[in-house]
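# Chains, contacts and geometry: an overview
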Number of protein chains: 4
Amino acid sequence: MSATTPSTEPYEIASEVAELGFNQYGKAENHLVHVRRDGGVHEITDFTVSSQLRGDFARVHTHGDNAHCVATDSQKNTIFSLARDGVSTPEEFAIRLSDHFTSTYAWVTGGRWQVDQRSWERIVTDDGPHDHSFVRGGKEVRRTVVQRDGDELFVVSGVVDLTVLKSSGSAFVGFVTDKYRTLADATDRIMSTDVTAWWHYDPARVRDVDHDAVYASVRRIILTEFAELHSLALQQTLWAMAVRVIEEHEEINEIRFSCPNNHHFVVDLSPFGQENPNVVFYAADRPYGLIEASIVRKGVPSEPRAWDSAPAFI
Amino acid sequence: MSATTPSTEPYEIASEVAELGFNQYGKAENHLVHVRRDGGVHEITDFTVSSQLRGDFARVHTHGDNAHCVATDSQKNTIFSLARDGVSTPEEFAIRLSDHFTSTYAWVTGGRWQVDQRSWERIVTDDGPHDHSFVRGGKEVRRTVVQRDGDELFVVSGVVDLTVLKSSGSAFVGFVTDKYRTLADATDRIMSTDVTAWWHYDPARVRDVDHDAVYASVRRIILTEFAELHSLALQQTLWAMAVRVIEEHEEINEIRFSCPNNHHFVVDLSPFGQENPNVVFYAADRPYGLIEASIVRKGVPSEPRAWDSAPAFI
Amino acid sequence: MSATTPSTEPYEIASEVAELGFNQYGKAENHLVHVRRDGGVHEITDFTVSSQLRGDFARVHTHGDNAHCVATDSQKNTIFSLARDGVSTPEEFAIRLSDHFTSTYAWVTGGRWQVDQRSWERIVTDDGPHDHSFVRGGKEVRRTVVQRDGDELFVVSGVVDLTVLKSSGSAFVGFVTDKYRTLADATDRIMSTDVTAWWHYDPARVRDVDHDAVYASVRRIILTEFAELHSLALQQTLWAMAVRVIEEHEEINEIRFSCPNNHHFVVDLSPFGQENPNVVFYAADRPYGLIEASIVRKGVPSEPRAWDSAPAFI
Amino acid sequence: MSATTPSTEPYEIASEVAELGFNQYGKAENHLVHVRRDGGVHEITDFTVSSQLRGDFARVHTHGDNAHCVATDSQKNTIFSLARDGVSTPEEFAIRLSDHFTSTYAWVTGGRWQVDQRSWERIVTDDGPHDHSFVRGGKEVRRTVVQRDGDELFVVSGVVDLTVLKSSGSAFVGFVTDKYRTLADATDRIMSTDVTAWWHYDPARVRDVDHDAVYASVRRIILTEFAELHSLALQQTLWAMAVRVIEEHEEINEIRFSCPNNHHFVVDLSPFGQENPNVVFYAADRPYGLIEASIVRKGVPSEPRAWDSAPAFI
């Protein structure tokens, strides 16, 4: 350190040609575990929470003036403090954070709050379900991204990495034949993907939705359509899932999918004198197909502000 | 397999209420290594290439009709085939792919092509730089996302995960004091981040830019401003970087940053009878600050189509 | 390439002072998916298989003479070819590979075969369990490492990353108090770990074991003891698990644990005027406790050859 | 929580058939950054430190009696406290930790201390090397594992993930031809690997070694031999590296390699009417070759206690 400590007084770094655009800041990936006790029986909730604020923060950038800066550390403190009274669903907790920050600080006009939930299942011993011991569930993540723009509220929720595979009931034929095609038609192949599906709730209804019930229902629709549709293309399967979601869930305006095609190649065993009638497959990592699609409710246009920082599409 | 193989004939899955919105598909993460030989001296280029097509693909979804479907496997073949004649810069290779696909298939009206480049450095032995042996460079990735919408071309390029740290020359004081603040002022702290910075080229100039030169220049500006600015907030440091980029690079319309604050906490050694004048730090993983900002050229509005599927902001 | 292609004739790189010690080589992480059809009802098995050979391979190293070298590519081919007739359990498939390689090549005197199994669960729709559609199970991995030394066979099997948490029923008190202690006693804390537990089968019985049944039983013992023991230390919990495994499974000679202590810290909410009676926790990533122990059957010494390249301990 | 808090009194969980074997415990992955100031010029050291103790800890397991338990939290405190006086090299810091723990607690008879070092390079601006600003170096990690068994000291040091590639100067011919071979001879191929190389220092000299100098020298030998040897097999390349290390470094008794063969396949462009004379390659992820070998100094047997928990071999 130098003999004279540099000043911490704000000053302007001015520019004739550059100006500040969209910006947000906060604390990301606060890993919060909440324990609820009902007598001796416990419930645990495992949330990873990110908070980012938007509003009048220009002088933090241009002047190094932190007068409006709610420290990311303070945002972290707020997350844990608000959790003290219970966390409910990811959606409700994120909405509560959005209400808190926009009502507490006059210059905070919006923001983004993401909650990822990982599942725990109760351990069952010979004595039955245990009161306070749990084993982690599957690897899929339930995620919500809540955004505020003044009084407007946008809630996108979904499932990330729900991995599925069907060992039959999938074909891929009739695609473009030209110089660059070397792939043969397949009338019976393995189809496997990691479903990432996010849906946008109707803003007019989103505070009244039973989010746990919708999550369970959409997940069930995804698994059922994946299993039961004889698929002619992964795109068709996603469309079939989406149609049912839009038809059965009036509170959902749009659903987006981003799904890799996890290729399983039939191994050529003929050099070893063996046939391979779809028995032995090599599961490849990269490259992979990547299918992305949005399906919307007719007459309801997609709302960019709901999706801008909720990347359903890479 | 059942006795009767299911039909692969297209048919409609119709819906009164759902309709297809934005969609794209292709092959992701084709890991391509190109060797150029100039006599016995080799140059290698290490690209991970993703291709996704947009256009008239509705019937793939709604009917399982693949007549318009250029298989993701064929897209992969195209990438490797076009690389045969040389790959140049990430930007030029991605633009070439975009030209190829939109001109080859009448119904392909646009798409997205991403190229990640990893660096290799020539091994230097006692005999000097070796002709054809290389060691991997740093962990940072150079990335470009090229998008086409008809004849319009959008090129966003940047650096991902350029990790920097300064052990002095950073303060954070004067932020909001309220019930949720527990953090003390810091007049001298470690500041560290993984810079992800992406810039959007002026579409009118992008085909004429020397992309290697711009990349090197922006990278140098980022490192220099990080080092030399006495920082009052990470936001201010990003602003200072951006101002110089916009001022020195007329071909750039906008630059976006997404930067974690990699916290380094001074360890309290007083229980062990020791002072700790910024000598011993604990480097934390999570949670972390997350600072995101866009800086634009005055008079040039941000172009959403350049950024929609190039998530500078999480 | 130079005008004259370099020779590929073997030659010796001799040394007065260096000599070759232990060595093995092969193909790692062959991701194999096997489909078994029983009428229209499918079973799938998802194995990641690594094969490494040991024996008389010195001249590959010292002379670049590949006459004894069974190419790693050929080992891969063998894995897929042998899978054609069914893969059974990880243990049985790995033992079959060991029998094949040691009996086929005279100079192959041993080796190492590892199989990781990931689980898939049958999708249940409104129509019941589906014939050929699956969803990935939990993130835990079932692993076996089979080693051969001539006719001797060593089989170590286990579970990797079985993540558990108990929200009560765990204490940690009475540990060393000295200058370096700052942690308070805890009479009621969250205890959470990712259980990695590996066991060594009695070589005399290992070919006759029902490996699926043992895996299920040991997993159940681990979950039950974790849940039911009021724990005074993670070490005690591991010991309790091990005692039951050794007592109930005569075919197991030794079991080893490597278990992180996934710290969950009670958040201090007093700055915000709140009590926190074990309700809100911060789940930390690093650093973490790491508890490792081997428990053996009395009178049966640990067999180093079973464990040398099966790192239960980091 | 029940009305009556369970006792925390130690008690024995006894077994007729099970007994405790090898065990160790501690705190893993303490991420420590040390700043040394020489006037205004700073040096930073980035260590990730793991500490595990061995000794008389049986009653922690069998009785839940923590009287001998130096809490993993206290081990963490010790690491940060000892760093206050400077951290020197990974080897010297780990040895200092081993001296501290074995001399401070009578029942601690040994242990394991691992230090991973990540590199930072000084940022160079137009004004020259900056006093206190740094950018992360390559992705390789320098690692040491120090173990104590009473007064005996075992130090294994090495490099992890030093990724190299040569685009010519590598052949693979003359390997076993049989039913399972489908790979053709290659007289000129890309060879690429992530070198993990660990060496065991002569215990009699290890406290007097200039560890930074040895690290730099071995790294240079690895890169030089990789580049300059016309390779007939990856095994031969490793042998050539090892011979030079053993010959030039009397203080090293043994060196072990674990090296994947990062396959780069020549893409078949003939379907597109193109030749591909080693220009366009597809870089595969999995499966990969895996070559592991130990090379020892003649007359000096390998020391198992140095390697038991330093897994050079998977």
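Everything quoted here is computed from the prediction, not taken from an experiment.

### Considerations on the overall build of chain A
In terms of regular secondary structure, chain A is built from six helices and twelve strands. Viewed in the frame of its principal axes, chain A has a C-alpha envelope of about 80 × 65 × 55 Å. For chain A, with 314 residues in total, the buried portion stands at 65%. Sequence-distant contacts in chain A: of pairs separated by 6 or more residues, those separated by 24 or more amount to 67%.

### Regarding the interface of chain C and chain D
Listed as interface residues are 94 residues of chain C and, on the opposing side, 94 residues of chain D. On the chain C side of the contact with chain D, C:Tyr180, C:Trp239 and C:Lys298 bury the most area, a combined 10% of that side's loss. The interface formed by chain C and chain D includes two salt bridges. C:Glu29 serves as the salt-bridge partner of D:Arg286, at 2.9 Å between the closest nitrogen and oxygen. Linking chain C to chain D there are 42 residue pairs in polar contact (both at pLDDT 80 or more). Elements represented by at least two residues in the side of chain C that touches chain D include exactly strand S1 (18–38), strand S2 (41–55), helix H1 (58–63), helix H2 (72–83), helix H5 (234–248) and strand S12 (288–297) of chain C. For the side of chain C that touches chain D, the element with the highest residue contribution is S1(C), accounting for 14 residues. Grouping the constituent residues of the side of chain C that touches chain D by class yields 44 nonpolar, 34 polar and 16 charged. Bridge count for S1(C) against strand S12 (residues 288–297) of chain D is nine bridges, and the pairing is antiparallel. Within the sheet, the bridge partner assigned to C:Asn23 lies in S12(D) and is D:Ala293.

### Things to note about the relation of the copies chain C and chain D
Take chain C, turn it by 180°, move it 0.0 Å along the axis, and it overlays chain D with an RMSD of 0.0 Å. Such a combination of turn and shift is consistent with a two-fold rotation axis. A symmetric contact is evident, with 100% of the interface residues of chain C recurring at the interface of chain D.

### Observations regarding the interface of chain A and chain D
Chain A puts twelve residues into the contact, and the matching count from chain D is twelve residues. D:Asp285 is paired through a salt bridge with A:Arg286; the nearest N and O atoms lie 2.8 Å apart. Here chain A and chain D share four residue pairs in polar contact (both at pLDDT 80 or more) between them. Taken together, the residues of the side of chain A that touches chain D break down into six nonpolar, two polar and four charged.

### Notes on the packing of aromatic side chains
A ring pair, where both rings are aromatic, is described by two values, the distance of the centres and the angle of the planes. Summed over all chains, the structure comprises 36 aromatic pairs over all chains. Look at C:Trp199 and C:Tyr215: their rings are 6.2 Å apart centre to centre, the planes differ by 45°, and that puts the pair in the tilted class. Highlighted residues: C:Trp199 in strand S8 (residues 191–201) and C:Tyr215 in helix H4 (residues 211–228), separated in sequence by 16 residues. C:Tyr215 sits in the buried class, given a relative accessible area of 11%. With centroids separated by 6.4 Å and ring planes inclined at 25°, the aromatic side chains of D:Phe101 and D:Tyr105 adopt a geometry described as stacked. Like D:Phe101, the residue D:Tyr105 is buried in the burial classification.

### Some points on the confidence of the model for chain A
Summary statistics for chain A give a mean pLDDT of 96 and a share of 97% for residues scoring 70 or more. Listed scores for the predicted complex are pTM 0.97 and ipTM 0.96.

### Digging into the environment of C:Glu9
Residue and element names in this part refer to chain C. Of note, glutamate 9 is situated in the segment before S1. Among the residues examined, glutamate 9 registers a relative accessible area of 55% and is labelled exposed. A sequence separation of 55 residues divides glutamate 9 from glycine 64, and the C-alpha atoms of the two residues are 8.1 Å apart.

### Quick word on helix H4 (residues 211–228) of chain B
Between its first and last C-alpha, H4(B) extends 26 Å over 18 residues, near the 26 Å set by a 1.5 Å rise per residue. Of the residues making up H4(B), those classed as buried are B:His211, B:Val214, B:Tyr215, B:Ser217, B:Val218, B:Ile221, B:Ile222, B:Leu223, B:Thr224, B:Glu225, B:Phe226 and B:Ala227.

### Description of the relation of the copies chain A and chain D
Its rotation angle being 180°, the transformation that places chain A on chain D also includes 0.0 Å of axial translation and leaves an RMSD of 0.0 Å. Interface overlap between copies is the fraction of interface residues in one copy that are interface residues in the other; for chain A against chain D it reaches 100%, indicating a shared surface.

### A word on the pattern of salt bridges
Taken as a whole and judged by the stated rule, the model has 80 salt bridges over all chains. Each of the salt bridges in this network shares a partner with another, and the network as a whole consists of A:Asp149, A:Glu152, A:Glu303 and A:Arg305.

### Observations concerning unusual backbone geometry
Keep in mind that most residues, glycine aside, have a negative phi and that most peptide bonds are trans. Between B:Arg286 and the following residue, B:Pro287, the backbone shows a cis peptide bond with an omega angle of -10°. Along the chain, B:Pro287 falls in the loop between strand S11 (280–283) and strand S12 (288–297). Non-glycine residue B:Asp161 carries a positive phi angle of around 60°. Here C:Ser88, not a glycine, exhibits a phi torsion of approximately 55°, which is positive.

### A look at helix H5 (residues 234–248) of chain A
With 15 residues, H5(A) should reach 21 Å at 1.5 Å per residue; the first-to-last C-alpha distance of 21 Å fits that figure. By the criterion of burial, H5(A) is predominantly enclosed, with 13 of the 15 residues buried.

### Some words on the pairing of strand S3 (residues 108–118) of chain C
All names here are of chain C. Summarising burial for S3: nine of the eleven residues are buried, a large majority. By the bridge criterion, ten bridges tie S2 to S3 in an arrangement that is antiparallel. Within S3, the position partnered with leucine 53 by the bridge is glycine 111. With eight bridges connecting them, S3 and strand S6 (residues 141–149) associate as antiparallel partners. Directly across from glutamine 114, in S6, lies its bridge partner valine 145.

### Remarks on the pairing of strand S1 (residues 18–38) of chain A
Across twelve bridges, the pairing between S1(A) and strand S2 (residues 41–55) of chain A is antiparallel. Its bridge partner being in S2(A), A:Val33 is matched across the sheet by A:Asp46. Counting the residues in the hairpin turn of S1(A) and S2(A) gives two residues, including A:Gly39, whose phi is positive at 65°. In this structure, S1(A) lies alongside strand S11 (residues 280–283) of chain C, joined through three bridges in antiparallel fashion. Bridge pairing in S11(C) links A:Val33 to C:Phe281.

### Focus: the packing of helix H4 (residues 211–228) of chain D against helix H5 (residues 234–248) of chain D
Residue and element names in this part refer to chain D. It is at 9 Å that the axes of H4 and H5 come closest, and there the two elements cross at 145°. Considering only the axes of H4 and H5, their crossing is right-handed. Residues Val218, Arg220, Ile221, Ile222, Thr224, Glu225 and Phe226 of H4 lie in contact with H5, whose contacting residues are Thr237, Ala240, Met241, Arg244, Val245 and Glu248. Looking at the contact of H4 with H5 residue by residue, the class counts come to seven nonpolar, two polar and four charged.

### Here's the deal with the packing of helix H2 (residues 72–83) of chain A against helix H3 (residues 90–104) of chain A
All names here are of chain A. Following both chains from N to C, one finds H2 and H3 inclined at 125°, their axes separated by 11 Å at the closest point. With respect to H3, the element H2 is oriented oblique. The handedness of the crossing between H2 and H3 is right-handed. Between H2, through Gln75, Thr78, Ile79, Leu82 and Ala83, and H3, the contact on the second element is made entirely by Phe93, Arg96, Leu97, His100 and Phe101. Residues of the contact of H2 with H3, tallied by class, amount to six nonpolar, three polar and one charged.

### Notes on the environment of C:Asn261
All names here are of chain C. Mapped onto the fold, asparagine 261 is located in strand S9 (residues 252–261). Once the C-alpha coordinates of asparagine 261 and isoleucine 291 are considered, the two residues, 30 residues apart in sequence, prove to be 7.4 Å apart. Discounting residues that sit within four places of it in the chain, asparagine 261 has contacts with Arg189, Ser192, Leu234, Tyr288, Gly289 and Leu290.

### Quick look at the environment of D:Val195
Residue and element names in this part refer to chain D. With respect to the element layout, valine 195 can be found in strand S8 (residues 191–201). Assessed through its relative accessible area of 0%, valine 195 is described here as buried. In this structure, the C-alpha to C-alpha distance between valine 195 and tyrosine 282, residues 87 residues apart in sequence, is 21 Å. Those residues in contact with valine 195, other than ones at most four positions away along the chain, are Val159, Val160, Asp161, Leu162, Val164, Ile222, Phe257 and Cys259.

### Notes on the state of the cysteines
On inspection of all chains with the given rule, the structure shows zero disulfides over all chains. In this structure A:Cys69 is a free cysteine whose sulfur lies 15 Å from that of B:Cys259, the closest cysteine sulfur available.

About the criteria used
Think of each chain on its own: its residues are numbered from 1, step by step along the sequence as written. Labels are handed out in written order, letters beginning with A for the chains and numbers beginning with 1 for the ligands. Side-chain atom pairs in this predicted model are given and counted only at pLDDT of 80 or more, local residue features only at pLDDT of at least 70, and totals for whole chains, interfaces and linings cover all residues. Hydrogen atoms and water are omitted, and side-chain values are computed over all heavy atoms in the structure. The helix and strand labels rest on DSSP assignments: H or I over at least four residues marks a helix, E over at least two residues marks a strand, and numbering proceeds from the N terminus. We call a residue buried when its accessible area falls under 20% of the maximum for its residue type, exposed when it is over 50%, and partly exposed in between, using a 1.4 Å probe and counting protein chains only. Residues count as neighbours in contact if any of their non-hydrogen atoms are within 4.5 Å of one another. Buried area is calculated as the accessible area (1.4 Å probe) missing from two parts once they are joined, with the contributions of both summed. One side-chain nitrogen of Lys or Arg within 4 Å of one carboxyl oxygen of Asp or Glu is enough to make a salt bridge. Each polar contact in these results corresponds to two N or O atoms within 3.5 Å; when the atoms are within protein, one needs to be able to donate a hydrogen and the other to accept it, and residues that are neighboring in sequence are counted only if both atoms are side-chain atoms. Each residue is assigned to one class: nonpolar for Ala, Val, Leu, Ile, Met, Phe, Trp, Tyr, Cys and Pro, charged for Asp, Glu, Lys and Arg, and polar for all the others, Gly among them. Strands qualify as paired when DSSP identifies two bridges or more between them. The copies were overlaid with a least-squares fit restricted to C-alpha atoms from residues scoring a pLDDT of at least 70 in each copy. Under the pairing criterion, centres of Phe, Tyr and Trp rings, with the six-membered ring standing for Trp, must be within 6.5 Å; the plane angle then separates stacked pairs below 30 degrees from edge-to-face pairs above 60, leaving the rest tilted. Per-residue confidence from the prediction method is given by pLDDT, with values spanning 0 to 100. Expected span of a helix, by definition, is 1.5 Å for each gap between consecutive residues, and there is one gap fewer than residues. Axis definition: a line fit to C-alpha positions, over the contact stretch in the case of helices; interaxial angles, taken between N-to-C directions, run 0 to 180 degrees. The hand of a helix crossing depends on one turn: near helix anticlockwise from the far one by less than a right angle means left-handed, and clockwise means right-handed. Any angle between 65 and 115 degrees counts as roughly perpendicular, while under 35 counts as roughly parallel, over 145 as roughly antiparallel, and the rest as oblique. In this description, a disulfide is simply a cysteine sulfur pair whose atoms lie within 2.5 Å.

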